[in-house]
Amino acid sequence: GESVGLHLPTLSVQEGDNSIINCAYSNSASDYFIWYKQESGKGPQFIIDIRSNMDKRQGQRVTVLLNKTVKHLSLQIAATQPGDSAVYFCAENRGGSQGNLIFGKGTKLSVKP
Amino acid sequence: ETGVTQTPRHLVMGMTNKKSLKCEQHLGHNAMYWYKQSAKKPLELMFVYNFKEQTENNSVPSRFSPECPNSSHLFLHLHTLQPEDSALYLCASSPGASGGVNIQYFGAGTRLSVL
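Just so it is clear, the structure is predicted and the values come from calculations on it, not from any experiment.

Colleague: Please explain the overall build of chain B as it appears in this structure.
Modeller: Across its full length, chain B holds zero helices and eleven strands. In chain B, the succession of helices and strands from N to C terminus is β-β-β-β-β-β-β-β-β-β-β. Its C-alpha radius of gyration of 13 Å places chain B within 12% of the 13 Å reference for a compact globule of 115 residues. Projecting the C-alpha coordinates of chain B onto the three principal axes gives extents of approximately 40 × 30 × 30 Å. Across the 115 residues in chain B, those meeting the buried criterion constitute 46%. The long-range share in chain B, meaning contacts at least 24 apart out of those at least 6 apart in sequence, stands at 53%. By element, 50% of the accessible surface of chain B is carried by carbon and sulfur atoms, the whole surface being about 5200 Å².

Colleague: Can you help me understand the side chain of Lys-36 of chain B in this one?
Modeller: Residue and element names in this part refer to chain B. As for its position among the elements, Lys-36 is in strand S4 (residues 31–37). Buried and unpaired, Lys-36 has Asp-85 as its nearest opposite-charge partner, separated by 4.3 Å. At a separation of 3.4 Å, a polar atom in the side chain of Lys-36 contacts the main-chain carbonyl oxygen of Glu-84. Not counting residues up to four positions away in its chain, the partners in contact with Lys-36 are Pro-42, Leu-43, Glu-44, Met-46, Glu-84, Asp-85, Ala-87, Leu-88 and Tyr-89.

Colleague: Hey, could you run me through unusual backbone geometry in this one?
Modeller: Peptide bonds are, in most cases, trans, and in most cases residues other than glycine have a negative phi. Residues and elements named next belong to chain B. Cis peptide bonds are those with omega within 30 degrees of zero, and the linkage from Thr-7 to Pro-8 qualifies with -10°. Relative to the helices and strands, Pro-8 resides in the loop between strand S1 (4–7) and strand S2 (10–13). One non-glycine residue with positive phi stands out, namely Thr-80, at about 45°. Within the secondary structure, Thr-80 is located in the loop between strand S8 (73–79) and strand S9 (87–94). On the basis of relative accessible area, Thr-80 is assigned to the partly exposed category, the value being 42%.

Colleague: Can you walk me through the nonpolar core in this structure?
Modeller: Soluble globular proteins: nonpolar side chains tend toward being buried together. Membership of the largest hydrophobic core comes to 22 residues, with the highest contact counts inside it found for Trp-34, Phe-64, Leu-76 and Leu-78 of chain B. In this structure Leu-76 of chain B touches Lys-19, Ser-20, Leu-21, Trp-34, Met-46, Phe-47, Phe-64, Ser-65, Pro-66 and Tyr-89 of chain B, once residues within four positions along its chain are discounted. Membership of the second largest hydrophobic core comes to 20 residues, among which are Tyr-32 of chain A together with Tyr-33, Leu-90 and Ile-103 of chain B.

Colleague: When you look at the state of the cysteines in this model, what are you seeing that I'm missing?
Modeller: As used in these notes, a disulfide is a covalent bond between sulfur atoms, one from each of two cysteines. Within the structure shown, the criterion is met by two disulfides over all chains. For Cys-23 of chain A, the disulfide goes to Cys-90 of chain A, at an S-S distance of 1.6 Å. With Cys-23 of chain A in strand S2 (residues 19–24) and Cys-90 of chain A in strand S8 (residues 86–93), the pair connects residues that are 67 residues apart, well separated along the chain. In this structure Cys-23 of chain A comes out as buried when scored by relative accessible area, which is 8%. There is a disulfide in this structure between Cys-23 of chain B and Cys-91 of chain B, and the S-S distance comes to 1.9 Å. Between Cys-23 of chain B and Cys-91 of chain B, the S-S dihedral sits near -75°, and the bridge is therefore left-handed. Of this pair, Cys-23 of chain B sits in strand S3 (residues 18–25) while Cys-91 of chain B sits in strand S9, placing them 68 residues apart in sequence.

Thresholds, definitions, all that
- Residues numbered from 1 in each chain as written.
- Chains lettered and ligands numbered in written order.
- Predicted model: local features only at pLDDT ≥ 70, side-chain atom pairs only at ≥ 80, totals over all residues.
- Heavy atoms only, no water.
- Helix = DSSP H or I, 4+ residues; strand = E, 2+ residues; numbered from the N terminus.
- Rg over C-alpha atoms; globule rule 2.2 N^0.38 Å.
- Buried < 20%, exposed > 50% of the residue type's maximum accessible area, 1.4 Å probe, protein only.
- Contact = heavy atoms within 4.5 Å.
- Areas by Shrake-Rupley, 256 points an atom, 1.4 Å probe, with all protein chains shown as cover.
- Lys, Arg positive; Asp, Glu negative; His and termini not counted.
- Salt bridge = Lys/Arg side-chain N within 4 Å of Asp/Glu carboxyl O.
- Polar contact = N/O pair within 3.5 Å; in protein donor to acceptor, adjacent residues only side chain to side chain.
- Core = buried A, V, L, I, M, F, W, Y, C linked by side-chain atoms within 4.5 Å.
- Disulfide = S-S within 2.5 Å.

This is the structure we're talking about:
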């Protein structure tokens, strides 16, 4: 797997455009999913979550889409701003009593002014 | 501010040193976690504590020793580390694991360098 630093998938967008970050998960029993944003020098910050019984959830400028058929999750950021530049991680909760999260590879989003 | 504070932010230590990382959460949560974040790997879960009891040790070497004296504080004691242990160590807390949504909130991490 890959994480913060070298060899991260990178998405470069123009300021004001919409961004779409994708994530594939592996366990069909996962019951909820979370998107985190990690800026340089900081820990991951919660953005939005979605339960497995939903297809879509909207927040402020962000929308998460869940396609359980193909085990795919996406994060859409509207009107991307320079402050959105960060590494974005999806995480899945694989159920069970612990509620522990499994993190995916990050995607580095760069916003060009 | 996320409500989770980690100290120190940066730490350099030799392989024979003993040091400790500290994490404190002000969110009233019952679960706390240690993660390791390396340059070429996804976030790796190390330890989980629920109500001060360790509920998961993800095959972590014994040179890492966690301690959770209460639900608000978590320590990671380090001794005889190796250079490959250099990484960002992240602490997180969550309301508690009993099914349902259990969002974890992270601290800023301790950047550890082992020489």
